Amino acid sequence: MTGAADWRALGTSVRLVTTDPALLDSCNLLLARHLAEVDATCSRFRQDSELAALDGTDGRPVKVSPLLAEALAVALRAAEATDGAVDPTVGSAMNALGYDRDFQLIQEDGRPVRLTVRPVPGWRLVTLDRTTGTVTVPPGVRLDLGATAKAWAADRAATMLAEAAGCGVLVSLGGDTAVAGRPPRGGWRIRVQDATGPVDEIPARGSSDMVSIRGGGLATSGTTARRWRRGAQELHHIIDPYTGLPAQTPWRTVSVAAATCADANAASTAALVKGAGAERWLTRLALPARLVANDGTVLTTPGWPTSRRGTPTSQQGPASLSPAGDDLSARPAFEDEAVRPIRGSGGGAPRYGSGRGGGGETPSTTTPTEAAA
């Protein structure tokens, strides 16, 4: 048996599942407190957040909390590992496109914007010194941790709750899902889908696939969920750092399994930006992935489960991402970068959570990864 709770935080859906239903309420309270701390620290949309305060530092080194330092380290590591395809200095580009507040508050038809190709400043300009706990952001550079903070928060929360409760825990924040502790028998059942929808309903549009993981994380990034209009322009939130504009990509969603949700999300977002050939990049990293093209064509990389007869796994029940007992989802996505100092950051970026274990399927553990990350 499992217990599950669903609510909203950080501008997205939250789903918590525990393998011990009696511990659900206490875990949910701890999760709510954790996400409130993350919001107060990392939100680009709160004027009182610690991240927003960096806008006025004029290039001076400033002391930051350990929580923000950790979030920045994860963002900078993702930037290096993806060759800059995921870059935290996209804040001003986001604002210029109208994504300057919580997504639910964005007007569907706002004032027209002039789309100008302008590369973002670049993550290498940001210096994070983990020894002194200081960060230096050049004048005019606005940070946005939206591409990494939710996944990192899910990793952190799952590990914290599993250790505190002593049971298996799944934390899903929109399209970012992390698991820790001993999983249910057969693993955690997760439906990968192209469109946001209720947990217990297969989406009416778009494709879906049911898989299971025993540890680490699974993330889906896409261009279909967070879209808005400015004049005649239809925009989405996946920014190409090389142009400062919404990525022109052949993919509408990319799902990736990795040792951590942060790694999975960095890889899935980078794949959208990299565009054609992203499946080869993911294959070189040995990451199980599912890429859905704009025309609905589905490509997968080695390690992503498919049936012998080519029938989608969603029609057969969940298929494990851990064939032959080898937990592929627990492989570090960016192994080299995990132990190297971040260039220009003054310190190394830690990795979080793996949550390895054995186990089986329980229908009540099913959770979707939405195409909103």
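Residues numbered from 1 in each chain as written. Predicted model: local features only at pLDDT ≥ 70, side-chain atom pairs only at ≥ 80, totals over all residues. Heavy atoms only, no water.

Enquirer: How would you summarise the state of the cysteines if you had to cite specific residues and measurements?
Expert: Following the criterion strictly, the structure yields 0 disulfides and no others. Considering cysteine sulfurs only, Cys167 is the nearest to Cys27, which forms no disulfide, with 5.1 Å between them. Relative accessible area serves as the criterion here: at 2%, Cys27 is assigned to the buried category. (Disulfide = S-S within 2.5 Å. Buried < 20%, exposed > 50% of the residue type's maximum accessible area, 1.4 Å probe, protein only.)

Enquirer: Which residues make up the sheet that holds strand β3 (residues 62-63), and what values do they have?
Expert: Think of a sheet as strands paired side by side through backbone hydrogen bonds, with each pair either parallel or antiparallel. The 3 strands are arranged β3-β6-β5 in an open sheet whose pairing can be described as antiparallel. Looking at the sheet topology across the chains shown, the edges are occupied by β3 and β5 (127-129). Bridge analysis of β3 against strand β6 (residues 134-136) gives 2 bridges, and the strand direction is antiparallel. Bridged to Val62 within β6 is Val135. (Pairing = 2+ DSSP bridges. Helix = DSSP H or I, 4+ residues; strand = E, 2+ residues; numbered from the N terminus.)

Enquirer: A description of the pairing of strand β11 (residues 216-222) should follow, citing residues and the corresponding values.
Expert: Most of β11 sits inside the fold, with 7 of its 7 residues counted as buried. Of the pairings in the sheet, the one linking strand β8 (residues 176-180) to β11 comprises 4 bridges and is antiparallel in character. Looking at β11, one finds that Asp176 is bridged to Ala219.

Enquirer: Residue-level account of the sheet that holds strand β18 (residues 298-300), with values.
Expert: Read across the open sheet, the 8 strands follow the order β1-β2-β7-β8-β11-β16-β17-β18; overall the sheet is antiparallel. If you trace the sheet from one side to the other, it starts and ends with β1 (3-9) and β18, each paired once. When strand polarity is set aside, the average angle formed by the axes of neighbouring strands in this sheet is 10°. When strand β16 (residues 251-258) meets strand β17 (residues 289-293), the two strands line up antiparallel, connected through 5 bridges. Considered in β17, the bridge of Val256 is made with Ala289. Its contacts with the sheet put helix α6 (residues 261-274) on β8, β11 and β16, and the angle it makes with β11 is roughly 25°. (Axes fitted to C-alpha atoms, helices over the stretch in contact; angles between N-to-C directions. Contact = heavy atoms within 4.5 Å.)

Enquirer: Any details on the packing of helix α1 (residues 24-42) against helix α3 (residues 66-81)? Residues and values, ideally.
Expert: Between α1 and α3, the least distance of the axes is 10 Å, while the angle of their chain directions is 75°. Relative to α3, the element α1 lies roughly perpendicular. Note on element contacts: α3 touches α1 through Leu67, Leu68 and Ala71, opposite Glu37, Val38, Thr41 and Cys42. Partitioning the contact of α1 with α3 into residue classes produces 5 nonpolar, 1 polar and 1 charged. (Parallel < 35°, antiparallel > 145°, perpendicular 65-115°, else oblique. Nonpolar A, V, L, I, M, F, W, Y, C, P; charged D, E, K, R; others polar.)

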